[in-house]
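So the chains spell out like this:
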Amino acid sequence: GAVVSQHPSWVICKSGTSVKIECRSLDFQATTMFWYRQFPKQSLMLMATSNEGSKATYEQGVEKDKFLINHASLTLSTLTVTSAHPEDSSFYICSARVPSGGGREQYFGPGTRLTVT
Amino acid sequence: GDSVTQMEGPVTLSEEAFLTINCTYTATGYPSLFWYVQYPGEGLQLLLKATKADDKGSNKGFEATYRKETTSFHLEKGSVQVSDSAVYFCALLFSGGYNKLIFGAGTRLAVHP
């Protein structure tokens, strides 16, 4: 149980274009999902918390107009990197929190590697 | 604020050696503590967890005990294998808000035959 998928697993895009990353909880409903960014050989940095049906809560220093998050259903959250630049190249990871009663741990997707050329 | 400190890597061991990866935390209240593992090219997987003081989490031969008195959650394994080579992250669950995880910097483990 508690499987989280991400699509695509890797993507290459040109500078100035936008790219959308999907995060799905496959066998449970997730009212809360999280988006992280991981730089090479570094830890995960929380970007934002996504709640189904409401606006995402962004961490300090994360541009909400650049990283658009939509949590339209209980099993899907999307992250859109708008007007991507090479410095946005990174590994983006989502996680989903098991609903209350199932513990408070988060289950992570396999990540999406974004390369902006 | 809440934070997690892990020993710096990389840690290089021979197969069947004993492993310890230190993790200490600073937190208000009583957080839950986790170890996650990230294999090359993959996302994070929950390795083990402990939700209160003196709890011992264990999985796949790995163990960690929640020590409130020393604010520590050290990861141990009695005999590592080459397949254990990965990056290990210690994390605590933020006491308030939307269950925000706070990660340590990660410790890379390399096990050689």
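To start, this report covers the structure provided alongside it. These numbers were taken from a predicted model, which means no experiment stands behind them.

Comments concerning the packing of aromatic side chains
A ring pair, where both rings are aromatic, is described by two values, the distance of the centres and the angle of the planes. Taken as a whole and judged by the stated rule, the model has 10 aromatic pairs over all chains. Ring geometry for Phe108(A) versus Tyr36(B): centroids 5.1 Å apart, planes at 80 degrees, classification edge-to-face. Note that Phe108(A) is positioned in strand E10 (residues 106-108) and Tyr36(B) in strand E5 (residues 32-38), a pairing that runs across two chains. Residues Phe108(A) and Tyr36(B) agree in their burial class; the two are buried. With a centroid separation of 6.2 Å and 85 degrees between ring planes, the pair formed by Phe89(B) and Phe103(B) is classed as edge-to-face. With Phe89(B) in strand E10 (residues 86-93) and Phe103(B) in strand E11 (residues 101-103), the pair connects residues that are 14 residues apart, well separated along the chain. What links up through ring pairs into an aromatic cluster is the set Tyr36(A), Phe108(A), Phe34(B), Tyr36(B), Phe89(B) and Phe103(B).

Remarks on the state of the cysteines
Overall, the coordinates contain two disulfides over all chains when judged by the stated rule. Covalently, Cys23(A) is tied to Cys94(A) through a disulfide, its sulfur atoms 2.0 Å apart. Given an S-S torsion of about 80 degrees, the disulfide between Cys23(A) and Cys94(A) has right-handed geometry. Taken together, the residues span a long stretch of sequence, with Cys23(A) in strand E3 (residues 19-25) and Cys94(A) in strand E9 (residues 90-97) at a distance of 71 residues. For the pair Cys23(A) and Cys94(A), one class covers both residues: buried. One disulfide bridge connects Cys23(B) with Cys90(B), the sulfur atoms lying 1.9 Å from each other. Judged by the sign of its S-S torsion, about -70 degrees, the cystine formed by Cys23(B) and Cys90(B) is left-handed. Of this pair, Cys23(B) sits in strand E4 (residues 23-26) while Cys90(B) sits in strand E10; the two residues are 67 residues apart in sequence, bridging distant segments of the chain. For Cys90(B), a relative accessible area of 0% corresponds to the buried category. The thiol of Cys13(A) is not disulfide-bonded; the next cysteine sulfur, from Cys94(A), is found 18 Å away. Given a relative accessible area of 10%, Cys13(A) falls into the buried group.

Procedures and definitions
- Residues numbered from 1 in each chain as written.
- Chains lettered and ligands numbered in written order.
- Predicted model: local features only at pLDDT ≥ 70, side-chain atom pairs only at ≥ 80, totals over all residues.
- Heavy atoms only, no water.
- Phe/Tyr/Trp six-rings, centres within 6.5 Å; stacked < 30°, edge-to-face > 60°.
- Helix = DSSP H or I, 4+ residues; strand = E, 2+ residues; numbered from the N terminus.
- Buried < 20%, exposed > 50% of the residue type's maximum accessible area, 1.4 Å probe, protein only.
- Disulfide = S-S within 2.5 Å.

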